Amino acid sequence: MTTNPPGFRIEHRGAVPQVHPTAYVAPTAVLVGDVRIGPRARVMYGAVLDAEGSRIEVGEAAVVCENAVLRASAAAGAEQPVLLGDHVFVGPHATLLGCTVERACYLASSVHVLQQAVVGTGSVVAVAALVHARTVLPAEYFVAPYTMAVGDPVRLLAPGDPEVPQVLGRLGFAGTAFGVGASWTDRVARHERIAEVRSAEFAAHLDDRPAAD
């Protein structure tokens with residue numbers, strides 16, 4: 001049984017983070033809302049786990065390293081939880097948004113996994129790689145450093161690949177992540193609506209308060 005204080009826990013939308021007594025959450029980690037930390041899990045210094053209008057689940061013996069950000073959401077009209085299976089490793093400075101990472105995956109430093117993506121059991125996402133929205137990685141898949149994984153079935157794009165702008169334009173990312181239907185080419189309107197969506201979602205934090213021990 002740990003006697004360490006379970007990080008900085010914040011009650012959000014009426015939900016209080018839950019930390020298993022055998023888990024470790026560093027004092028400078030921040031848990032916001034419906035966050036559930038499983039047995040023997042480790043959440044290290046500076047990590048932020050923000051459930052927003054959904055939930056975050058961290059499985060048994062999963063590790064979330066320093067300064068990683070895990071954010072769930074319901075801003076696009078449906079819940080987008082962050083679900084980490086057992087024995088998942090999330091490296092420093094990684095960002096996981098509304099995605100599922102199945103058991104025994106390794107996500108290296110500065111990795112990004114976006115909304116509704118699924119990282120299959122035993123997969124590796126190497127340093128600074130990106131798994132884009134709604135992408136599905138098969139079990140034990142390898143995403144090389146600095147590459148982008150897109151789609152289902154998945155394909156990999158290297159940095160500087162001339163197809164990247166066209167592929168991103170077809171993804172409909174703003175719709176998936178924010179429920180915004182503005183055209184890829186109408187950048188100003190698109191970005192204004194995205195900011196409005198997040199501004200409205202984050203307004204719920206005005207009622208946050210530290211969770212009682």
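Please refer to the structure placed before this passage.
Residues numbered from 1 in each chain as written. Predicted model: local features only at pLDDT ≥ 70, side-chain atom pairs only at ≥ 80, totals over all residues. Heavy atoms only, no water.

Novice: Explain helix α1 (residues 164–171) to me, please; I cannot follow it from the model alone.
Specialist: Each α-helix winds once per 3.6 residues, and so residues spaced three or four apart point in a common direction. Turning to α1, its buried residues are V164, V167 and L171. Down the axis of α1, the sector holding all buried residues measures 65°, keeping them to one side. Elements in contact with the buried residues of α1: β22 (148–150), β23 (155–157) and α2 (173–178). At the exit of α1 stands G172, carrying a positive phi of roughly 70°. (Buried < 20%, exposed > 50% of the residue type's maximum accessible area, 1.4 Å probe, protein only. Helix = DSSP H or I, 4+ residues; strand = E, 2+ residues; numbered from the N terminus. Arc of directions from axis to C-beta. Contact = heavy atoms within 4.5 Å.)

Novice: Honestly, unusual backbone geometry in this entry has me stumped. Any pointers?
Specialist: Generally, phi is negative for residues other than glycine and the peptide bonds are trans, each holding for most cases. Residue P153 is reached from D152 by a cis peptide bond, and omega for that bond is 10°. Relative to the assigned elements, P153 resides in the loop between β22 and β23. Although it is not a glycine, A104 adopts a positive phi angle of roughly 55°. By secondary structure assignment, the location of A104 is in the loop between β14 (100–101) and β15 (106–107). On the basis of relative accessibility, which here comes to 33%, the residue A104 falls in the partly exposed class.

Novice: Just checking my understanding: could you explain the sheet that holds strand β10 (residues 69–71) for this structure?
Specialist: Reading across from one edge, β23-β22-β19-β16-β13-β10-β7-β4-β1-β24 is the order of the ten strands in this open sheet, with mixed pairing throughout. The open sheet has two edge strands, β23 and β24 (209–210), and neither has a second partner. Sheet analysis places strand β4 (residues 30–32) next to strand β7 (residues 48–50), joined by three bridges and oriented parallel. Bridging from a neighbouring strand, V30 pairs with V48 of β7. (Pairing = 2+ DSSP bridges.)

Novice: I'm lost on the packing of aromatic side chains in this one. Help?
Specialist: Aromatic rings in a pair are described by how distant their centres are and how their planes are angled relative to each other. Tallied over the full model, the rule gives two aromatic pairs. Centroid distance F89 to Y106: 4.9 Å. Interplanar angle 5°. Geometry classified as stacked. With F89 in strand β12 (residues 89–90) and Y106 in strand β15, this residue pair connects regions lying 17 residues apart in the sequence. Taking the relative accessible area as the measure of exposure, F89 reaches 26% and is therefore partly exposed. Ring centres of F173 and F178 lie 5.9 Å apart, and the angle between their planes is 90°; this geometry places the pair in the edge-to-face category. As far as burial versus exposure is concerned, F173 and F178 are alike and both buried. (Phe/Tyr/Trp six-rings, centres within 6.5 Å; stacked < 30°, edge-to-face > 60°.)

Novice: Please explain the pattern of salt bridges as it appears in this structure.
Specialist: Opposite charge on two side chains permits them to pair, given that their charged atoms come into close proximity. Enumeration according to the criterion identifies ten salt bridges in this entry. A salt bridge links R13 to E52; its shortest N-O distance comes to 3.8 Å. Of the two residues, R13 is situated in the loop between β1 (8–11) and β2 (18–19) and E52 in the loop between β7 and β8 (56–58); the sequence distance between them amounts to 39 residues. Classification of R13 as partly exposed rests on a relative accessible area of 47%. Salt bridges sharing common partners tie together D34, R36, R55, E57 and E79. (Salt bridge = Lys/Arg side-chain N within 4 Å of Asp/Glu carboxyl O.)

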